[in-house]
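Structural description and commentary
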Amino acid sequence: MTAMTSTHTPPASLHTPVIGWFEQHARDLPWRRPEAGAWGVMVSEFMLQQTPVSRVLPVYEQWMARWPRPADLAADAPGEAVRAWGRLGYPRRALRLHGAAQAITERHGGDVPSEHGQLLALPGIGEYTAAAVASFAYGQRHAVLDTNVRRVFARAASGIQYPPNATTAAERKLARALLPEEDGRAARWAAATMELGALVCTAKNEDCGRCPISGQCAWRLAGKPAHQGAPRRGQTYAGTDRQVRGRLLAVLRESVAPVTQAALDSVWEEPVQRARALDGLVADGLVEPLAGARYRLPLG
DNA sequence: GACACGTGGAA
DNA sequence: TTTCCAAGTGT
């Protein structure tokens, strides 16, 4: 049971100040403008998975100028999507976005579907992204649980500094309970709570002085107790297969012509790990092996 | 449920 | 310099 429900605080007392704050302080992001459309919303959601807004902005603009509709992307080679992805990281997202564009073109007449279940069936779209697109692009009522919203709810409602590592049933239940009744207001609430987590109720150095619900925040009222339990597993990177994959793919992105084995071998000393990383990229469909020990981004 | 999966800026 | 973190998904 959360502090919010145990004190019987009506959600409406949270909705108005949070949505009001959002109307005053929301960033003017291109995917929030009407001209972005559902496709723009969807592209931005793929790019923003684990990647900061500041790095997404320029790539998003180039992407939408080149592929303004799903069918435009679907008609191009998947390797071009990987190349245009640049250094955003997790390039499989580019491949999945390309696959989603193909599915939209084939199954949905070229229009991003509005139904949650149809969105969820597309490659690269999971629970969060399906809810986000349905909510932000189509104004529907969904619990949109990303890392920002989960942190806001953990603090404001549950009185703890950080949410659990993985989304729990209790979090989903709480998020549904806090959702405004009316569709459009629920969609604004989703965007507003996300923005609050991104700008004010941040993971570190939160700024309660600028928070519209600081007076109702269970964590703050409890004296902002520090997170209990094991520290988060720090993701090591140097020396991992991921780093090797990143270097290999960087070489392939830079070259339109097929790349030789020697060119790829030059990015990593250790041959066993290097081969394993390259095999992994091929298995993932990010790299296409050619005759004569040459490689390129996939043509499809 | 645990892990793999990129990248770069900030503290 | 090291660690943490950023609008997650798929296996």
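- Per an unreviewed UniProt entry, chain A is named Adenine DNA glycosylase, and its organism is Streptomyces nitrosporeus.
- What the UniProt record of chain A gives under Catalytic activity (unreviewed entry) is the line "Hydrolyzes free adenine bases from 7,8-dihydro-8-oxoguanine:adenine mismatched double-stranded DNA, leaving an apurinic site."
- Here is the UniProt Sequence similarities (unreviewed entry) comment for chain A, exactly as written: "Belongs to the Nth/MutY family."

Considering the protein's contact with DNA strand C
- The immediate surroundings of DNA strand C are formed by 29 residues, with G124, G126, T129, D146 and N148 found nearest.
- In DNA strand C, atoms within 4 Å of the protein come from the sugar-phosphate backbone in 65% of cases.
- Between DNA strand C and G126 there is a distance of 2.8 Å, counted from a phosphate oxygen to a backbone nitrogen or oxygen.
- In this structure, Y128 approaches DNA strand C through a main-chain N or O atom, which is 3.4 Å from a phosphate oxygen.
- Elements with a minimum of two residues in the surface near DNA strand C: α3 (37-48), α9 (127-136), α10 (147-156) and α12 (183-199).
- A class-by-class count of the residues in the surface near DNA strand C yields eleven nonpolar, nine polar and nine charged.

Remarks on the protein's contact with DNA strand B
- In the region of DNA strand B, 17 residues are neighbours, and R55, R87, L88, P91 and R245 sit closest.
- For DNA strand B, the backbone makes up 59% of the atoms found within 4 Å of the protein, where backbone means sugar plus phosphate.
- In the environment of DNA strand B, a phosphate oxygen lies 2.4 Å from a nitrogen or oxygen atom belonging to the side chain of R245.
- Residue assignment for the surface near DNA strand B shows that the elements contributing at least two residues are α7 (92-107) and α14 (241-254).
- For the surface near DNA strand B, the leading source of residues is α14, giving five residues.
- Among the residues making up the surface near DNA strand B, the classes are represented as four nonpolar, five polar and eight charged.

With respect to the pattern of salt bridges
- Overall, the coordinates contain 17 salt bridges when judged by the stated rule.
- The shortest N-O distance in the salt bridge between D241 and R276 comes to 2.8 Å. Of this pair, D241 sits in helix α14 while R276 sits in helix α16 (residues 271-283), and the two are 35 residues apart along the sequence.
- Each member of the salt-bridge network shares a partner with another, and the members are R66, D76, E80 and R83.

A short note on the packing of helix α4 (residues 53-66) against helix α6 (residues 78-85)
- Packing of α4 against α6 brings their axes to within 10 Å, and their N-to-C directions diverge by 150°. Classed by the angle they form, the pair α4 and α6 counts as roughly antiparallel. Across the interface between the two elements, V59, W63 and R66 from α4 touch E80, A81, A84 and W85 from α6.
- Here the contact of α4 with α6 is composed, by residue class, of five nonpolar, no polar and two charged.

Cut-off values and rules
- Residues numbered from 1 in each chain as written.
- Chains lettered and ligands numbered in written order.
- Predicted model: local features only at pLDDT ≥ 70, side-chain atom pairs only at ≥ 80, totals over all residues.
- Heavy atoms only, no water.
- UniProt positions renumbered as here; feature names shortened; annotations may be inferred.
- Near = heavy atom within 4 Å.
- Polar contact = N/O pair within 3.5 Å; in protein donor to acceptor, adjacent residues only side chain to side chain.
- Helix = DSSP H or I, 4+ residues; strand = E, 2+ residues; numbered from the N terminus.
- Nonpolar A, V, L, I, M, F, W, Y, C, P; charged D, E, K, R; others polar.
- Salt bridge = Lys/Arg side-chain N within 4 Å of Asp/Glu carboxyl O.
- Axes fitted to C-alpha atoms, helices over the stretch in contact; angles between N-to-C directions.
- Parallel < 35°, antiparallel > 145°, perpendicular 65-115°, else oblique.
- Contact = heavy atoms within 4.5 Å.

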